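Tertiary structure, described
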Amino acid sequence: MATEQSARSFRERFDTKFQELFSAKGLNSFYFSNEQYLEIINSVKSAKEAKSKTTLQYRRLKRFDLCSVSGVEKLIAPLSSSETTIKYYVTNDEMFDILHETHLAVGHGGKHRMEKECKKKYKNITQEVIKLYLRLCEPCQKKLKSAKKGIVVKPLVSTEMNSRCQVDLIDMQSNPDGDFKFIMVYQDHLTKFVQLRALTSKRAVEVAYKLLDIFCIFGAPSILQSDNGREFANHVIEELCSMWSGLKIVHGKPRHSQSQGSVERANQDVQNMLMTWMNDENCKRWSEGLKFVQLMKNRAFHDGIKRAPYTAMFGSDVKVGLASSSLPKEVIVNIHTEEELEKMLTEFTTEAESSPESQEEGPESRQESQEDLLNVELESENYHLQNTEMRSDIETEVLNTKEGERNVLLEINSEETAKKKDELECSRCMNPGTSTQEINLCEICTTQQNINKHRLSARLSLENQAKKMKALSNLKFPPCSVGDTVRVQIPDVDRGRGEFRNVLMVVIEKAGDLYRLGNERGTIEEMFSRNQFSVCHDKLIDIENISPEKKSLRELANEQSLSGGQGYKRCNCKTKCATKKCSCKAAGKLCNSKCHSSLSCSNK
């Protein structure tokens, strides 16, 4: 019941904000009411039927087209001869449902992941409305990180798939699922493809058994790295070699400064997706959600490689049955048998290919469009840097990276045709004496070429990211006002691994540089300084609903938690944790990375 009320309140807040946004737009915006949508459909029909077209009708046909499925007319973007994916225009009433469904599909992902997912099927869902949705999503506000200072580590760039992989463990002992107490995260460094497994312990033999299952499908890497230390990696490799006599793997440097950041961010991403999945499904069995979280993580756009990990690994987008097809959603719901599907595909009609406004786009124009895109991006970087008072060495390096990216891409495009013939070894693609221009790739070679392109682009993007990450600056903390919604970070000892990072609260009093905070569950007695919380963009909680009951932050976190809120236990033993004087051993839990530093421990 509470979940339904929260969803209804979320929709009402979104509709109110979106209506304000829609009202501020002009007539040529990308957002359409139901009346405007039907009016455009009628105008497109008239333009198609007109023998002598006006300038307005030509503009309509250049921007819109129609498709019909079982009598349902949909507004779509015109297709060129080289395009096969249909992108729909949606009405304002459909906007929230589509955004909400996409947001859940990518595991409460951010704006880049939602934008990439929406652009696969919809034309007029903009980054502006995606940002509006994310600002109003309470679970996303609760899982956001607090502001941090400093420069993040530079990621390690791998040259090929399976050259370096890392295995890491997420400690779930504070929120166990039956016998399962750990999550194994296995990631390929080039493609960022992640695989997740539930573990009952972190013993090397169990980790090796799970890794062997992965190796027998994807192959074994040359370097296996673990942040749990060289000793742990050695034990895992020894167990693997005992199970697989022909296997030879070397271990990477423990806690490698250039590679650790990537896997740590993947761990945080997995935990964020897992907590939102548990919250959406109202389920405490996180082991059941690992498969879905793995799919969400691999299908979502990765900002480092500029594509989804699934695409970098397999060369195509992930398929989710008919939901990934070009058929409208309301038509897919009514399909239950293969005969009905064949009938729908037969009836599916679109006039985009026969439209005189569609023009063929050849390889040269695609190469020019890529060059123009990089030129525009480079000019925007120049414009941004020219308006700053001082250009630092880091910013200059970012600009050089952009220019280098353009040169590398142009070089790849110019050499691609020359290398095509030499790279082909399939007898079905070419016969002896076939010229380079006459090569017709078979489906297998086309797929392999797409995979190679995606992996090459992923490596280039990682190299650029390694330089851009140096441009991060210190975050500032501007003052806030009474009534603002803020995020207060929950200490690790007071939250489980599957719980939100923050509690949403409201500023109810300001005394100098200190603030008093509260929410509908209670008011915190102590005052907070400005750097102890982050301000939300929109007001998600009404100040009139604040409870005056005095409570601590731990109590508020426990009331919000699904599993009691208790986080990890930590010991500071100076010995080997062999007796019950160790608080972890006394509680029946293994020591973790938050405990003693590098001392030898028998409770692992």
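Each residue is numbered by its place in its chain's sequence as written, counting from 1. pLDDT decides what is reported in this predicted model: residues at 70 or higher carry local features, side-chain atom pairs at 80 or more are listed and counted, and totals for whole chains, interfaces and linings draw on all residues regardless. Hydrogens and water molecules were not included; the side-chain quantities draw on all heavy atoms of the structure.

1. A closer look at the overall build of the chain
Let me state the cut-off plainly: Put simply, DSSP marks the helices as runs of H or I at least four residues long and the strands as runs of E at least two long, and each gets a number from the N terminus on. Per-residue accessibility, obtained with a 1.4 Å probe over protein chains only, is compared with the maximum for each type, and a residue is labelled buried under 20%, exposed over 50%, and partly exposed between these values. In what follows, residue pairs with any heavy atoms lying within 4.5 Å of each other are defined as contacts. Where accessible areas are quoted, they stem from the Shrake-Rupley method and a 1.4 Å probe; at the residue level, only the protein chains shown are allowed to cover.
A tally of regular secondary structure across the chain gives 19 helices and 15 strands. Per-residue burial over the chain gives 44% buried out of 604 residues. Looking at the chain alone, contacts between residues at least 24 apart form 65% of all its contacts between residues at least 6 apart. For the chain, the accessible area works out to roughly 32500 Å², and carbon and sulfur atoms hold 49% of it.

2. As for the packing of aromatic side chains
We apply this condition: Any pair of Phe, Tyr and Trp rings, taking the six-membered ring for Trp, is counted once the centres come within 6.5 Å. Such a pair is stacked with planes under 30 degrees apart, edge-to-face with planes over 60 apart, and tilted for the rest.
In the structure shown here, the tally under the stated rule is 18 aromatic pairs. Aromatic side chains F10 and F96 sit 5.3 Å apart centroid to centroid with 85 degrees between the ring planes, which places their arrangement in the edge-to-face category. With F10 in helix α1 (residues 2-24) and F96 in helix α4 (residues 92-105), the pair connects residues that are 86 residues apart, well separated along the chain. A residue is classified by how much of its surface remains accessible, and F96, at 5% relative accessible area, is buried. Relative to F314, the ring of F193 lies with its centre 5.8 Å away and its plane at 85 degrees, an arrangement referred to as edge-to-face. Remark: F314 occurs in helix α12 (residues 309-314) and F193 occurs in the loop between β4 (182-188) and β5 (194-199); sequence separation between them is 121 residues. Given the relative accessible area of 32%, F314 is considered partly exposed.

3. Digging into the packing of helix α5 (residues 111-119) against helix α6 (residues 127-136)
To be explicit about the condition: Every axis corresponds to a line fitted to the C-alpha atoms, with the helix fit spanning only the stretch in contact, and the corresponding angles, defined between N-to-C directions, vary from 0 to 180 degrees. Oblique is the label for any angle not covered by the other classes, which are roughly parallel (under 35 degrees), roughly antiparallel (over 145) and roughly perpendicular (65 to 115). Handedness of a helix crossing follows the sense of rotation of the near helix relative to the far helix, less than a right angle counterclockwise being left-handed and clockwise being right-handed.
Contact geometry of α5 with α6 gives a least axis separation of 10 Å together with a crossing angle of 130 degrees. As summarised for this structure, α5 and α6 are arranged oblique, according to the angle between their axes. α6 is crossed by α5, and the crossing has right-handed handedness. Touching K111, M114 and E115 of α5 are Q127, I130, K131, Y133 and L134, all from α6.

4. So, the sheet that holds β5
Think of a sheet as strands paired side by side through backbone hydrogen bonds, with each pair either parallel or antiparallel. Heads up, the rule is: A pair of strands is labelled paired if DSSP reports no fewer than 2 bridges between them.
Strand order in the open sheet formed by five strands is β5-β4-β3-β6-β7, with mixed pairing between adjacent strands. In this open sheet, the two edge strands, each paired with only one partner strand, are β5 and β7 (250-251). By the bridge criterion, seven bridges tie strand β3 (residues 164-171) to β4 in an arrangement that is antiparallel. Looking at the pairing, Q166 lines up with Q187 of β4. Contacts from helix α8 (residues 204-218) reach β3, β4, β5 and β6 (223-226), with the element oriented near 145 degrees to β5. Lying over the sheet, helix α11 (residues 286-299) contacts β4 and β5, oriented at roughly 170 degrees with respect to β5.

5. Here's the deal with the pairing of strand β1 (residues 65-69)
Extensive coverage of β1 is indicated by the burial of four of its five residues. Summarising the sheet, β1 and strand β2 (residues 72-76) pair through five bridges and their orientation is antiparallel. Across the sheet, residue D65 finds its bridge partner in β2, namely I76. Hairpin connection between β1 and β2: a loop of two residues separates the two successive antiparallel strands, and S70 in this loop has a positive phi of roughly 55 degrees.

6. A look at a negative patch on the surface
Applicable threshold: Each patch is built from residues lacking any salt bridge and having more than 30% relative accessible area; the joining distance is 9 Å for like charges and 5 Å for nonpolar side chains (Val, Leu, Ile, Met, Phe, Trp, Tyr). Salt-bridge detection follows one rule: a side-chain nitrogen of Lys or Arg within 4 Å of a carboxyl oxygen of Asp or Glu. His is not counted here, nor are the chain ends, while Lys and Arg score as positive and Asp and Glu score as negative. Every charge is mapped to an atom, namely NZ of Lys, CZ of Arg, CG of Asp or CD of Glu.
A cluster of acidic residues, E12, D15, E35 and D93, forms a negative patch on the protein surface. Turning to its location among the elements, E35 is positioned in helix α2 (residues 34-49). Note on E35: relative accessible area 57%, which makes it exposed.

7. Focus: a nonpolar patch on the surface
Taken together, V205, Y209, M243 and W244 make up a surface patch of nonpolar side chains, about 390 Å² in accessible area. When you line up the elements, W244 lands in the loop between α9 (230-243) and β7.

8. Structural notes on the pattern of salt bridges
Tallied over the full model, the rule gives 20 salt bridges. With a shortest N-O distance of 3.2 Å, K119 and E115 are connected by a salt bridge. Placement of both K119 and E115 in helix α5 is noted, with a separation of four residues, approximately one turn of the helix. Relative accessible area serves as the criterion here: at 42%, K119 is assigned to the partly exposed category.

9. Comments concerning the environment of K510
Here K510 lies in strand β10 (residues 502-511). On a C-alpha basis, the gap between K510 and V482 in space is 6.8 Å, while along the polypeptide they are 28 residues apart. In this view, K510 contacts P479, C480, V482 and Y515; residues no more than four positions away in its chain are not counted.

10. Observations concerning the side chain of S163
Within the element layout of this structure, S163 appears in the loop between α7 (138-143) and β3. Once residues within four sequence positions are removed from consideration, S163 is found in contact with S158, D188, S222 and I223.

11. Some thoughts on the pairing of β5
If a strand is regular, its side chains alternate between the two faces of the sheet. Most of β5 sits out of view: six of its six residues are buried. In β5, alternate side chains face the same way, and those of V194, L196 and A198 on one face and Q195, R197 and L199 on the other are all buried. Of the strand pairs in this sheet, β4 and β5 are connected by six bridges, and their pairing is antiparallel. Looking across to β5, one finds that Y186 is bridged to Q195. Where β4 hands over to β5, the hairpin turn is made up of five residues, of which K192 adopts a positive phi near 65 degrees.

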